[in-house]
Structures are given as structure tokens and as C-alpha cells.
Amino acid sequence: MTLEELTAWLKSQGEPGFRAKQIFRWIYRGVTSFDEMTDLSKSLREKLKETCFLTVPKVARKQVSQLDGTIKYLWELRDGNCIETVLMRYKHGNTVCVSSQVGCRMGCAFCASTLAGKVRNLTPAEMVDQVLFTQLDSRAPISNIVLMGIGEPLDNYDTVMKFLTLVNHPEGLNIGMRHISLSTCGLVDQIDKLAQRGLQLTLSVSLHAPDDETRSKIMPVNRAVGVEQLIDTCRRYFETTGRRISYEYAMIDGVNDSDRQADLLAGLLKGMPGHVNLIPLNDVEESPLKPSRRVAAFQKRLESHGVTVTVRRRLGSDIDASCGQLRRKAMGEQARERKGGPRAAGRKEDVP
């Protein structure tokens, strides 16, 4: 609940509205039971137990990188489904990458998150919990959020909008919109809806190819919405919000990393503020797509056209870094256990 919803609900229960702020603050301290809310009357705590519940995820697995301190969590939800969250440490602060769905239906060929399809949408509480309990477990204060975990955020639009309201609230986690990035594979209608909200977040568009032939092969969403329409939507977004867009580009060997494709990409973005973020591809076992060996050359080619380019720093390379890999591994082990087969040996980085 938002603070306003909680206030209205308490009043409907015959309770004073000011209690809402007390409860709201307790929730964002990470309490796991109503009994911990010690400044509430016992009768109100009992009423909360009878009528409400707190969502508290369990750590199913936790991997800690010995190289850079990146932490990857596999959270088990109330219904037994699992999602991933990653804590990344930078000089400017700690960033948490959160999931928006259990699984994903977008079908991008280079992503492990989509291999088993979409199971369900997350709730706003389940999204907030990833930030809150990652912060509590790691003892690392979170200053930035990226919605780039499992799922397509704009495919769970209403939930994501409420999540943004909750994490931005000054009585809660109080994380500013300018410290939040939302990644989409290109749902153009939802991008237009987002633009009308005028939020000061950063929109990251997973482009990954500059032409329809290539993009349709690796991203099924492009078969319904071509590159030209997507770029037109991005242009409208910038004109409406004044916020420049980050274009994500996973570098795939022999697929999207030629000089010709760099030239096409530069032509697409000509005259539109934004930057390209080149992503060294994580190797997904089930995928035939492999990391490009031309990242530096591709970057240089784009820069020769005046395009602003960054290369994403690789974090957690000694753990299951690619989005969806840890969940996929856990699902595979569960399937083998149901069949009576041996459980895969745990990695030395796994923390029970």
C-alpha cells in the first residue's frame, strides 16, 4: 500500500490516520512481523495480524563474487516461485538490479530469463522487497535501482508504476527518480504511456541490432514493432520528457558486431540525444550466441560518427552473472531431484 492507501484503510477500520505513517516507516525498516511494531497498541497489532500480511522473501541462494563484491540473490516468494536480484558496487554508490516478473515472455535469444517463459507478474510489494531485503542482508545502503532483472518491466506496467511511487516516497526508501533506470525491449505503446507521466528516471531501450532482419532473429518483439517504429517512439519520448535515452546493445559474435551495423546504428540515432551502452555478452549455456570479440572496434566505429558510447563494466564474472542463470540452475536441480537424479554440486561461491 501507498501511505495514502494505508491511511484510508486505517480510517475505514476506525483507527486514527496518523498510525499509517508509523506502520509505513516500520515496513521500510524491514520488519517481518507486526509484533515488531512496538509503538502500536496491542489491539491494533492484533487487527493487522488478522486482516493484513507482510511479504517477506527468503534467501534461496546467495552468490558473492570474490572479484568485486557483487552479490546475486535468488529469492523464494510466498508461492514458492523464485526471482533474482543483484547488488552491484560502484564508486558512486550501490546499485540493485531488480526483477519485475517471474520469468519472461519476450523470448530474447541471448537472455536466460526467458528460457522457461513467463510464470506471473510480481506485485509492487515483491518488487520493493528486493530493494529492501537486499539492503538489509548485505548491509550496503542502496542509492540506485535498475529495473533490468528477470521480466519486461513495461509488460507489468501498473505494478512497476506503483513500485516507483513506493521506493521514491520520502517516508520509505526515498530513492530519487534520477537514480532509477528502467529497461525495456521496446513495447512502444507502453513507452508512450510512460512518457506522459514525465518521470525523471532514465529509460534504457534494449536495441541490440540496428536493422529489422537481425533484430527480429534475436528479439521476437521486433516482428510486431520494427526498428524504425521503435526509434520514432524513442524520439517522441525525448521530445515529451527531455530525458535522453540509453540504448543497450549486447555484443554478439558474428550477429550484430560488424562495421556496417555500427554505421547503421549511428545513422539511426543521428540528431537524437542519447548514448549507446555496449554490453559484453554473458555466455548462456543453452544459447548458440557467443560474446563478440569486436567490442573495442565497434566502439571506435561508433565514436567516429560522433555517437556517445560506453562499455558496461563486467561485474560478478565469477558467479552466475547473466540475468536468469541462477534461477535456471535452481529450476534444473529441482527437476532432477523430482526425477530422483543427483543434485548438482554447489559452487564454492554459493552461500546457504
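Right above here is the structure, for reference.
Structural notes, computed from the coordinates. (Residues numbered from 1 in each chain as written. Predicted model: local features only at pLDDT ≥ 70, side-chain atom pairs only at ≥ 80, totals over all residues. Heavy atoms only, no water.)

### Notes on the overall build of the chain
When helices and strands are tallied, the chain shows eleven helices and 13 strands. Its C-alpha atoms give the chain a radius of gyration of 21 Å, within 12% of the compact-globule value 20 Å for 352 residues. The principal-axis extent of the C-alpha atoms belonging to the chain is close to 70 × 55 × 40 Å. Here the chain holds 352 residues, and 54% of them are scored as buried. Excluding contacts between residues fewer than 6 apart, the proportion of contacts in the chain whose partners are at least 24 apart in sequence is 65%. Here the chain has roughly 16200 Å² of accessible surface; of this, 49% comes from carbon and sulfur atoms. Of the charged side chains in the chain, 50 are positive and 42 negative, and the gap between their average positions amounts to 2 Å. (Helix = DSSP H or I, 4+ residues; strand = E, 2+ residues; numbered from the N terminus. Rg over C-alpha atoms; globule rule 2.2 N^0.38 Å. Buried < 20%, exposed > 50% of the residue type's maximum accessible area, 1.4 Å probe, protein only. Contact = heavy atoms within 4.5 Å. Areas by Shrake-Rupley, 256 points an atom, 1.4 Å probe, with all protein chains shown as cover. Lys, Arg positive; Asp, Glu negative; His and termini not counted. Charge placed at Lys NZ, Arg CZ, Asp CG, Glu CD.)

### Let's talk about the pairing of strand 7 (residues 142–147)
Burial of strand 7 is extensive: five of the six residues sit out of reach of the surface. Relative to strand 7, strand 4 (residues 93–97) runs parallel, the two sharing four bridges. Bridging across to strand 7, Val96 finds its partner in Ile145. For the crossover that starts at strand 7, traverses helix 5 (residues 157–168) and ends in the parallel strand 8 (residues 180–184), the hand is right-handed. (Pairing = 2+ DSSP bridges. Right-handed = clockwise from strand over helix to strand, strands pointing away.)

### Structural notes on the layout of surface pockets
A volume near 580 Å³ is recorded for the second largest pocket. Forming the walls of the second largest pocket are 25 residues, and the residues nearest its centre are Met1, Ile27, Phe53, Leu54 and Ala125. Those elements that place two or more of their residues in the lining of the second largest pocket are helix 2 (19–27), helix 4 (124–138) and helix 5. For the lining of the second largest pocket, the element with the highest residue contribution is helix 4, accounting for seven residues. Residue composition of the lining of the second largest pocket, by class: 19 nonpolar, two polar and four charged. (1 Å grid on protein atoms, 1.4 Å probe; cavity = no way out; pocket = protein on both sides within 12 Å on 5 of 7 lines; lining within 4 Å. Points joined across faces, edges and corners; volume = space filled by probe spheres on them. Nonpolar A, V, L, I, M, F, W, Y, C, P; charged D, E, K, R; others polar.)

### Details of the pairing of strand 11 (residues 274–280)
The element strand 11 is extensively covered by neighbouring structure, given that seven of its seven residues are classed as buried. Taking every second residue as pointing to the same face, both faces of strand 11 are buried, with Gly274, Val276, Leu278 and Pro280 on one and His275, Asn277 and Ile279 on the other. With seven bridges joining them, strand 10 (residues 245–251) and strand 11 adopt parallel strand pairing. Within the sheet, the bridge partner assigned to Ala250 lies in strand 11 and is Ile279. Following the backbone out of strand 10, through helix 9 (residues 259–269) and into the adjacent parallel strand 11, one traces a crossover that is right-handed. Sheet topology places strand 11 next to strand 12 (residues 309–311); three bridges connect them, and they run parallel. Across the sheet, Val276 pairs through a bridge with Val309, a residue of strand 12.

### Focus on the pattern of salt bridges
Taken as a whole and judged by the stated rule, the model has 20 salt bridges. With a closest N to O distance of 3.9 Å, Lys21 and Glu171 form a salt bridge. Of this pair, Lys21 sits in helix 2 while Glu171 sits in the loop between helix 5 and strand 8; the two residues are 150 residues apart in sequence, bridging distant segments of the chain. Residue classification places Lys21 among the partly exposed positions, given a relative accessible area of 36%. A relative accessible area of 22% places Glu171 in the partly exposed class. Three or more residues joined by partner-sharing salt bridges are found here, namely Asp259, Asp263, Arg294 and Arg301. (Salt bridge = Lys/Arg side-chain N within 4 Å of Asp/Glu carboxyl O.)

### Re the side chain of Arg243
Checked against the element boundaries, Arg243 lands in the loop between helix 8 (227–241) and strand 10. In terms of polar contacts, Arg243 uses its side chain to reach the backbone carbonyl oxygen of Leu201, at 3.2 Å. (Polar contact = N/O pair within 3.5 Å; in protein donor to acceptor, adjacent residues only side chain to side chain.)

### Quick look at the nonpolar core
Judged by nonpolar contacts, the single largest core of 94 residues is most densely connected at Ile145, Phe163, Tyr247 and Leu302. Looking at which element gives the most residues to this core, the answer is helix 5, with seven residues. Setting aside residues up to four positions removed in sequence, Ile145 forms contacts with Val96, Val98, Val131, Phe163, Val167, Ile175, His179, Ile180 and Ser181. (Core = buried A, V, L, I, M, F, W, Y, C linked by side-chain atoms within 4.5 Å.)

### A word on the packing of helix 9 against helix 10 (residues 295–304)
Direction vectors running N to C along helix 9 and helix 10 enclose 40°, while the axes themselves pass 9 Å from each other. If you check the angle between helix 9 and helix 10, you find them oblique. Both helix 9 and helix 10 take part in a crossing whose hand is right-handed. Contacts between helix 9 and helix 10 involve Asp259, Gln261, Ala262, Asp263, Leu265 and Ala266 from the first element and Phe298, Arg301 and Leu302 from the second. (Axes fitted to C-alpha atoms, helices over the stretch in contact; angles between N-to-C directions. Parallel < 35°, antiparallel > 145°, perpendicular 65-115°, else oblique. Left-handed = near helix turned anticlockwise from the far one by under 90°.)

### Some words on empty space enclosed by the protein
By the definition in use, this model includes one cavity of 30 Å³ or more. In this structure, the largest cavity spans a volume of roughly 50 Å³. Lining the largest cavity are Thr55, Val56, Pro57, Glu76, Leu77, Arg78, Glu126 and Asp129. In the lining of the largest cavity, the residues fall into three nonpolar, one polar and four charged.

### Some details on unusual backbone geometry
Notably, Arg139 is not glycine yet its phi reads approximately 60°, a positive angle. With respect to the helices, strands and loops of the structure, Arg139 is situated in the loop between helix 4 and strand 7. Judged by its relative accessible area of 78%, Arg139 falls in the exposed class.

### A few points about the side chain of Ser138
Structurally, Ser138 can be placed in helix 4. Reaching out from Ser138, the side chain makes a polar contact with the backbone oxygen of Thr134 at a distance of 2.7 Å. Within the structure, Ser138 has its side chain in polar contact with the backbone nitrogen of Ala140 (distance 3.2 Å). Contact partners of Ser138, with chain neighbours within four places excluded, come to Ile71, Tyr73 and Leu87.

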